[in-house]
Amino acid sequence: MSFVEEIEPLKEGALTELKAASDLAALEQVRVRFLGSHGKFTALMKQLGSLPKEEKPVAGRLVNQVKVELEAALADRKSELELKASLPKEPTDFTLPGRRRPLGKTHPLTQVTEDIVRIFRRIGFVVADGPEIENEWYCFDALNTPADHPARDTQDTFYLNAGQASSLPRSAPQSSQLQPAGKMPPRLLRTHTSSVQIRVMEKQQPPVRIIAPGRVYRRDNADATHNPTFQQIEGLYVDRGVTVGDLKGTVEHVFKELLGDEVKLRFRPHYFSYTEPSYEIDFSSSLTRRMGKDWLELAGCGMVHPQVFENVGYDPEIWSGWAFGFGIERIAMIRYGINDIRLFYENDVRFLRQF
Amino acid sequence: MKVTFNWLRQYIEFHWTAEELAERLTMLGVEVENVQKIGGEFEGIVVAQILTRSLVSGSDKLSVCRVQDGKGERQIICGASNFKPGDKAALILPGYALPLKAGEKEPFVIKVRKVMGVESHGMLCSPKELGLAEEAEGILILRDDARVGQSFAEYLGRAAGDVVYDLEITPNRPDLNSVIGIAREISALTGNPLRMPEVTVKQDAGAPEGAQASALRVEDLVAVRIEDTELCPRYTARIVRGVALGPSPDWLRNALEKIGIRSINNVVDVTNFVMMEIGQPLHAFDYRLLANVGQASPLSQSGGSTLATMVIRRAAEGEKFTTLDGQERTLTSEMLLIADETRGIALAGIMGGRNTEINAETRDVLIESAHFKPTNIRRTSKALGLRSESSYRFERGADLAICDWASRRAAQLILETAGGALAAGVVDAFSKPPEAKQIALRHTRSAALLGVDIPADQQTEYLHRLGLEVTTQPGIAPTTGVRTPHSTIFRIPSFRVDLKREIDLIEEIGRLYGADKIPSTPPRAAIGSNAYDAVHDEIAEARKCLTGLGLHEAEGQTLISDLALRALFREREDRPLIALENPLSSDMNVLRPSLLPGLLDSLRHNLSRKNERVALFEIGRVFVEANGQAQEGRRLAFAVTGPRYPLFWSGNDRRASFDIYDLKGMLEEFLEQFGLRGVSFAVQPECRGPYLESAAVLLGGKLPLGEFGQLLPAIAKQYDLRDAVLMGEWDFDALLARRNKARSFKPLPAFPSIRRDIAMFVTERTTHEAVLNAIKQAKPQALEQVELFDVFRGQNVPAGQKSVAYALTYRQAERTLTDAEVNTIHEKVIAHLKQALQAAVRE
């Protein structure tokens, strides 16, 4: 057998053994056997020098070619076996549950509030705030709901025990006429966020463009639709030449953003002592129809009553404006189909995680 | 308030269906909360008389009849044979449905149909078809006295069909608490005239038995003395003598019962009817029970002097009075009484007295129609906890001008339903009828506010339809409003107590024009400003950090129990609490001074529902009294309990529970991300307040931000919590004030760092902070960071000691440190630790 004739069988033998090596150790043995310093192929290469001069170029080329081929085959097999070695003994069960580190969730009422705030901010409103402990001036009198007004009946109020010394600020001059000097005005928990309207208007000149979310309190026993604590959001816009048309336009914009374009809204004349004209806003959508109702009450609104402007020192001949308010829970209940307001205050994590 | 479709139609013409009426009223601001159809199950069924009967040609069973339905004749095919011409039967007209019977879903509607080529315009009904019997042979033959054309329901003595509307009347519109008030709104909407009932009373015509022939005048029988004309500006009295007390006629009983008022007797029912009709509360007294009248045929002695006197006075302080409902009430001098010369006989405007109520023996009736000051009625009603249809109307404001009309109307109806004779005239104590209000309206102003151009004459027309009259005389000064060349002055009718100024007229115009027709204008661009706006975002940012840490946001009750609070904070609960003056229950009687009671309640709720892993935070307001002032502040609180991780199926620490370092880790991460630097922790004494062990959180070494720790197990048990509860509460306003929101970029290190570890035994008392301080005292150069990576006690650790291991990272910002340099620095640190902490450093 000539030198050249020996190359091919050796190569075939090496390739067969490479393929047969079932792990990296066996593969290493194969490599040593053929390509190691005492390996069969190495030995063959060493014979190259003893060949006749005229055979050398062809044989040399052939031997080198095979060597590259074998080394490549070895590398391939090696990465194949390495991959095999890194696989677990049993394949991973990808249906097993992953190791979760759950995120916390913001409360659904926070989420709804944030959505409403975002919508209003896009049209130039800013968020305002006020205390939850109020006096009658901010909660009622300044809002054109004097004592003995039947409208106070609809908002059953929690009164607080008297403080010791002169307490809440009474910045409005009118309040001193209502309260004899030296007598502590009774303190109460605000029954609506409308008190923030007065606080903001007393402090700043028009134009005013605010929304005020927050907790309010009514003396209602807790049931599926009542909780003594609940949350409202109030919007107030005061400027020159503000009309009912502006009120309607903004309210429609906000609720379409909030509840979807398909909702229909209607403005039903109503009565609130601090706005005139006043309206209740009803909405109609596939949701209300699913609930078996054409219309569902959503919010109250109206044009700021001139008496309210006078109470805060705005001239109603120059300024006009609108206000509206609604319950956050109510929106959340409508939006998510929640049927019991108490769920919001139980903080059951199975509930909180749903939103 | 309730009204019915048919009752309304007595005063106003309209052509709406029951549903349309509800819609119209609702959109006018009179919200219809409920619509209930009553009676009407025999709608379209009338009494008819069979005139002729003959067999349909080609049939031996079917007959063709001519019947009279009261309006005309019609042809009917009938399959029954139990009748003859002249009989009266129940006929259902085409288009109407037979009563629904058990098991039927769709009503069976009668249509004009052809049977064997002959048309039938209706159907003669069998008792079964009418739902009056289970089985029946042939049609129902009615009694001979049945009136042809009469509704079948009426024949049966059942109320005819009607629709009852439950209306929500807003407190500003007392005039709508009456059927005529609602009819007036419909009149304004349609433009059709309001038909007021005609009130004509025959005065003492037929002299009653026992009375003298000469006409008696009411002022001979009773005088009225108003002692407080502010509380009672008007009082009228009429007297009907010789009434026959008894049940009310059907129309009256039905009218009241449909709207939910119990029928009592003809006289009382009339007073209630008139109140519902016009909105003026009335009261009927038994005249003979008044002082000085007596039982002995008083009317015969009416020679000259008045017999009884109605005195309208304040009650004496502590005066006792028994109202109609049999309750004895103790009055105050703020309360107004109707009295005779000897005693109280009615609580003015609220409820009559037992001593003079209409009873079976009543023969002579005194009708009171008066007016009382709304605020006084409201206060008395509230103080006594006594509300009535009457007080409801007076406290909202009745119509001062309608007293006499209502009195006459009641007299008319008593005469009609109970007979008797009306004493001539009226005693009408009405000192000073007030001037009608005159309000000026600038028509341009309505357009400006409503945002729609409504022509001036259209505006005037709307107001006119509501009963407002244009005052044309020049020189009249309006009560309110601005008189300009283009304004109109309106005289306000007395029943509209809500119309006080220009804006009230504008509202009316908008209402009648229709809110739905006012075009919406898109939101206008403007920029608002308020200091709180940025704070709102900061709170939102905090929430974002906290939820990222795996905490759920909770919303707790603001109102909590003082007992639960004291049980939680124990001897530390000495904060001046703000208590409710009128709590709903002792569970909710104070404003929360801390968020923790609420969070623990939520933990308990979750555990009771087998949610074992609970991690909550709340950002909310708390309330305390400080220097006599209510102080509101925002707090942040955490509470966690149960397994640290959700259930998992492998791993050594998978069943670990939350411990204090979980809570502290959350707090540290939050404070750092929220921008608070220089926070330190000071250990507090054991068993302090709600905590087993706790630490104060300080800013800059001294400003207390709050505290955290593990809840005392005994308290946890009270909340049914088994695992350790870790919780804490911090002053969120202080966090907001002290946070550093500024962020600046620090270049990432360009040169490598070198890490050296130290493992050592230190005494148990040596805190981590002490180790850090000791390292700091060694003043090691280029020390970038110190990290604790192991704390160990037990095998091979001497008693009273612990093994701690720290990784120290050294780095020089401007060059690569050499090993030799680091070794020198590190040796110094070790030497100092050995000396300062008596640490046994393990090499």
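Residues numbered from 1 in each chain as written. Chains lettered and ligands numbered in written order. Predicted model: local features only at pLDDT ≥ 70, side-chain atom pairs only at ≥ 80, totals over all residues. Heavy atoms only, no water.

## Observations concerning the sheet that holds strand β5 (residues 73-78) of chain B
All names here are of chain B.
Part 1 of the argument: Spatially, β5-β4-β3-β6-β9 is the arrangement adopted by the 5 strands of the open sheet, whose pairing is antiparallel. Every other strand in the sheet has two partners, leaving β5 and β9 (123-124) as the edge strands with one partner each.
Part 2 of the argument: Pairing of strand β3 (residues 45-55) with strand β6 (residues 88-92), which is carried by 5 bridges, proceeds in the antiparallel orientation. Each bridged residue has a counterpart across the sheet, and for Val 46 the counterpart in β6 is Leu 91. (Pairing = 2+ DSSP bridges. Helix = DSSP H or I, 4+ residues; strand = E, 2+ residues; numbered from the N terminus.)

## A word on the pairing of strand β12 (residues 234-241) of chain B
Residues and elements named next belong to chain B.
Part 1 of the argument: In terms of burial, β12 is largely enclosed, as 8 of its 8 residues are buried.
Part 2 of the argument: Neither face of β12 is open: one carries Arg 234, Thr 236, Arg 238 and Val 240, the other Tyr 235, Ala 237, Ile 239 and Arg 241, and all of them are buried.
Part 3 of the argument: The pairing of β12 with strand β22 (residues 427-430) spans 4 bridges and is classified as antiparallel. If you follow Tyr 235 over to β22, its bridge partner there is Ala 429.
Part 4 of the argument: Summarising the sheet, β12 and strand β20 (residues 365-371) pair through 7 bridges and their orientation is antiparallel. Looking at β20, one finds that Arg 234 is bridged to His 371.
Part 5 of the argument: Relative to strand β21 (residues 421-422), β12 runs antiparallel, the two sharing 2 bridges. Within the sheet, the bridge partner assigned to Val 240 lies in β21 and is Leu 422. (Buried < 20%, exposed > 50% of the residue type's maximum accessible area, 1.4 Å probe, protein only.)

## Things to note about the interface of chain A and chain B
Part 1 of the argument: Each partner contributes residues to the interface: chain A has 102 residues there, and chain B has 93 residues.
Part 2 of the argument: Each partner contributes to the roughly 8200 Å² buried at the junction of chain A and chain B, and carbon and sulfur atoms together form 50% of this total.
Part 3 of the argument: The largest share of the area that chain A buries against chain B comes from A:Asp148, A:Pro269 and A:Glu276, three residues that together contribute 8% of it.
Part 4 of the argument: Where chain A touches chain B, the interface holds 13 salt bridges.
Part 5 of the argument: A salt bridge links B:Arg524 to A:Asp246, with the shortest nitrogen-to-oxygen separation between them at 3.0 Å.
Part 6 of the argument: Our count for the contact surface shared by chain A and chain B stands at 53 residue pairs in polar contact (both at pLDDT 80 or more). (Contact = heavy atoms within 4.5 Å. Buried area = accessible area lost by both parts, 1.4 Å probe. Salt bridge = Lys/Arg side-chain N within 4 Å of Asp/Glu carboxyl O. Polar contact = N/O pair within 3.5 Å; in protein donor to acceptor, adjacent residues only side chain to side chain.)

## A look at the nonpolar core
Part 1 of the argument: If you look at the biggest cluster of nonpolar residues, it comprises 127 residues, and the most contacted ones within it are A:Phe255, B:Leu636, B:Phe638 and B:Phe732.
Part 2 of the argument: Considering each element in turn, this core owes the most residues, 7 residues, to helix α9 (residues 244-259) of chain A.
Part 3 of the argument: In this view, A:Phe255 contacts A:Gly260, A:Val263, A:Leu265, A:Ile281, A:Leu298, A:Ala299, A:Phe324, A:Phe326 and A:Ile331; residues no more than four positions away in its chain are not counted.
Part 4 of the argument: Of all hydrophobic cores here, the second largest spans 56 residues; its members include B:Val3, B:Val268, B:Ile278 and B:Ile367. (Core = buried A, V, L, I, M, F, W, Y, C linked by side-chain atoms within 4.5 Å.)

## Re the packing of aromatic side chains
Part 1 of the argument: Across all of its chains, the model carries 27 aromatic pairs over all chains by this definition.
Part 2 of the argument: An angle of 55° between the planes, with centres 6.2 Å apart, marks the rings of A:Phe255 and A:Phe324 as tilted. Within this pair, whereas A:Phe255 is found in helix α9, its partner A:Phe324 is found in strand β9 (residues 320-327), the two being separated by 69 residues in sequence. Summarising the burial analysis for this pair, A:Phe255 and A:Phe324 share the class buried.
Part 3 of the argument: Each residue in the set A:Phe120, A:Phe125, A:Tyr237, A:Phe255, A:Trp322, A:Phe324 and A:Phe326 is aromatic and connected to the rest through ring pairs, giving one cluster.
Part 4 of the argument: Directly above the ring of B:Phe681 sits B:Lys664, whose terminal nitrogen or CZ lies 4.3 Å from the centroid.
Part 5 of the argument: Directly above the ring of B:Phe674 sits B:Arg739, whose terminal nitrogen or CZ lies 3.8 Å from the centroid. (Phe/Tyr/Trp six-rings, centres within 6.5 Å; stacked < 30°, edge-to-face > 60°. Lys NZ or Arg CZ within 6 Å of the ring centre and 35° of its normal.)

## Things to note about the domain arrangement of chain A
One frequently used descriptor of interface size is the decrease in accessible area upon assembly of the parts.
Part 1 of the argument: Annotation of chain A at the domain level lists domain 1 (3-86) and domain 2 (110-352).
Part 2 of the argument: One C-alpha centre belongs to domain 1 of chain A, the other to domain 2 of chain A, and the line joining them spans 88 Å. (Domains from an automatic or database assignment.)

## Considering the sheet that holds strand β38 (residues 840-842) of chain B
All names here are of chain B.
Part 1 of the argument: Taken in spatial order, the 4 strands of this open sheet run β36-β37-β35-β38, and their pairing is antiparallel. Strand pairing shows two members of the sheet lacking a second neighbour, β36 (783-792) and β38, which therefore form its edges. Direction aside, the axes of adjacent strands within the sheet are offset by 30° on average.
Part 2 of the argument: The pairing of β36 with strand β37 (residues 801-810) spans 8 bridges and is antiparallel. Residue pairing in the sheet places Val 786 in a bridge with Leu 808 of β37.
Part 3 of the argument: In this fold helix α20 (residues 768-777) packs onto β35 (754-763), β36 and β37, with an angle of close to 145° to the strand it touches most, β36.
Part 4 of the argument: The strands that helix α21 (residues 819-837) touches are β35, β37 and β38; relative to β35, the one it contacts most, it runs at about 15°. (Axes fitted to C-alpha atoms, helices over the stretch in contact; angles between N-to-C directions.)

## Side note on the pattern of salt bridges
All names here are of chain B.
Part 1 of the argument: Scanning the model with the defined rule gives 89 salt bridges over all chains in all.
Part 2 of the argument: Its salt-bridge partner being Asp 364, residue Arg 288 comes within 2.7 Å of it at the nearest N-O pair. Of this pair, Arg 288 sits in the loop between β13 (282-286) and β14 (308-314) while Asp 364 sits in the loop between β19 (351-352) and β20; the two residues are 76 residues apart in sequence, bridging distant segments of the chain.
Part 3 of the argument: Residue classification places Arg 288 among the partly exposed positions, given a relative accessible area of 23%.
Part 4 of the argument: Of the charged contacts in the structure, one is a salt bridge between Arg 329 and Asp 325, with a shortest N-O distance of 2.8 Å.
Part 5 of the argument: Beyond isolated ion pairs, a larger network of salt bridges with shared partners links Arg 173, Asp 175, Glu 185, Arg 496, Asp 498, Glu 508 and Arg 511.

## Considerations on the packing of helix α6 (residues 250-258) of chain B against helix α7 (residues 266-278) of chain B
Residues and elements named next belong to chain B.
Part 1 of the argument: For the pair α6 and α7, the least separation of the axes is 10 Å and the interaxial angle reads 50°. Classified by the interaxial angle, the pair formed by α6 and α7 is oblique. As for how α6 packs across α7, the hand of that crossing is left-handed. Residue-level contacts link Trp 251, Leu 252, Ala 255 and Leu 256 of α6 to Asn 266, Asp 269, Val 270, Asn 272 and Phe 273 of α7.
Part 2 of the argument: For the contact of α6 with α7, a count of residues per class yields 6 nonpolar, 2 polar and 1 charged. (Parallel < 35°, antiparallel > 145°, perpendicular 65-115°, else oblique. Left-handed = near helix turned anticlockwise from the far one by under 90°. Nonpolar A, V, L, I, M, F, W, Y, C, P; charged D, E, K, R; others polar.)

## Details of the pairing of β3(B)
Looking along a regular strand, one sees side chains alternate from face to face of the sheet.
Part 1 of the argument: By the bridge criterion, 6 bridges tie β3(B) to strand β4 (residues 63-68) of chain B in an arrangement that is antiparallel. In the strand pairing of β4(B), B:Thr52 is matched with B:Arg66.

## Some thoughts on the packing of helix α1 (residues 3-20) of chain A against helix α3 (residues 40-47) of chain A
Residue and element names in this part refer to chain A.
Part 1 of the argument: Viewed as axis vectors pointing N to C, α1 and α3 meet at an angle of 165°, and their least axial separation amounts to 11 Å. When the axis of α1 is compared with that of α3, the two are roughly antiparallel. α1 and α3 meet at a crossing whose hand is left-handed. Of the residues in α3, those in contact with Phe 3, Glu 6, Ile 7 and Leu 10 of α1 are Lys 40, Phe 41, Leu 44 and Gln 47.
Part 2 of the argument: In terms of residue class, the contact of α1 with α3 is built from 5 nonpolar, 1 polar and 2 charged.

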